Structures are given as structure tokens and as C-alpha cells.
Amino acid sequence: MRKIFSIAYKQDYNKGYAIGLNPFLEYNSNMQNDACIAGFNAGRSDYERMNGFIRDGIPSRVVTEKVLEDFLIAGLLGLPIDDSGYTSYQLGIIAEWYQSGTEKYEPDYSVSLLNVLDSIGIEMG
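Residues numbered from 1 in each chain as written. Predicted model: local features only at pLDDT ≥ 70, side-chain atom pairs only at ≥ 80, totals over all residues. Heavy atoms only, no water.

Participant: Sorry if this is basic, but what is going on with helix 2 (residues 34-51) here?
Facilitator: Working note: α-helix, 3.6 residues per turn, so residues spaced by three or four point in the same direction. Under the 1.5 Å per step criterion, the end-to-end length of helix 2 is 25 Å for 18 residues, consistent within 8% with the ideal 26 Å. The set of residues buried in helix 2 consists of Ala35, Cys36, Gly39, Phe40, Gly43, Arg44, Tyr47, Met50 and Asn51. Viewed end-on, helix 2 has its buried residues packed into an arc of 155°, placing them on one side of the element. Looking at where helix 2 begins, the residue whose side-chain oxygen comes 3.2 Å from the main-chain nitrogen of Ala35 is Asn33. With its phi angle positive at about 90°, Gly52 sits one or two positions after the end of helix 2. (Helix = DSSP H or I, 4+ residues; strand = E, 2+ residues; numbered from the N terminus. Expected span 1.5 Å × (residues − 1). Buried < 20%, exposed > 50% of the residue type's maximum accessible area, 1.4 Å probe, protein only. Arc of directions from axis to C-beta. Polar contact = N/O pair within 3.5 Å; in protein donor to acceptor, adjacent residues only side chain to side chain.)

Participant: Please clarify how the packing of aromatic side chains should be interpreted in this entry.
Facilitator: Both the distance between ring centres and the angle between the ring planes are used here to describe each pair of aromatic rings. Applying the stated criterion across every chain, the model contains two aromatic pairs. Plain terms: the ring middles of Tyr13 and Tyr17 are 6.4 Å apart, the flat faces sit at 15° to each other, and that makes the pair stacked. With Tyr13 and Tyr17 both in helix 1 (residues 7-21) and four residues apart, this pair spans about one turn of that helix. A relative accessible area of 27% means that Tyr13 is categorised as partly exposed. What makes Tyr17 partly exposed here is its relative accessible area of 24%. Ring geometry for Phe71 versus Tyr86: centroids 6.0 Å apart, planes at 75°, classification edge-to-face. Here Phe71, found in helix 3 (residues 65-77), pairs with Tyr86, found in the loop between helix 3 and helix 4 (88-103); they are 15 residues apart in sequence, far enough to count as distant. The same class applies to Phe71 as to Tyr86, namely buried. Geometry around Phe53 places Arg55 over its ring, the cationic atom sitting 4.3 Å from the centre. (Phe/Tyr/Trp six-rings, centres within 6.5 Å; stacked < 30°, edge-to-face > 60°. Lys NZ or Arg CZ within 6 Å of the ring centre and 35° of its normal.)

Written out as C-alpha cells, the structure is:
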């Protein structure tokens, strides 16, 4: 049985995952163990789920989990979004997250949060 909970396995998996998330890097011969290969495959799968297949080209703006969370929060607060520079595939993913936020939009919470942010000097557009 593989020791998937070992520190070495996790480190190799994370190394492979990071390589897989980067569209400019490809699978290479340095990935000789199962952990690194599994991490690479998971990372590449996550990248392509959010940005489309690499074979279709690398977009000028890359969508990450953080970017999607920002769009969700914008939807929650009812804020307009800047969607320029994203591909139509990415916009479909972004729209799902933004829509999920708008479905939970509470105007009272939005106004309260904007007042708090304004009081500490953060201006939202």
C-alpha cells in the first residue's frame, strides 16, 4: 500500500500539482513517482476546468480559485464586474460563480459592508 499520507508523498504531489496548474509547464521526465504524476494530473485538470484546454491556447487572463471567489463576492455584494480579457469559456465559468453570488445577494448586508469599508478608507466602485 502506498503511503499517501506521508510527508514525502504530499510534497511530491504538491510539486506535481503546481507544475500541472502552470499552463506553460509540461509533464517531464523528472516526475518519476506516482505522487508527482497524480499531482500533475490533478493540477492540469483543475487548470483546464477553469480555463479550457491548453491545446486551444493559453488565455491572456488566467482564472484561478481566488479569481472565482472574487467574482462570487462581487455577486454577493451586487457589484459590477470587469470581465474584459477573459475567453468565452472562462466567462461561462465566471458567470456561474457570479450568479451564485447574486442569488444570495442581500442589499442590507451589502450596504452595511460598504459603509464599514468606507469608514476605514476603502472605496468600492
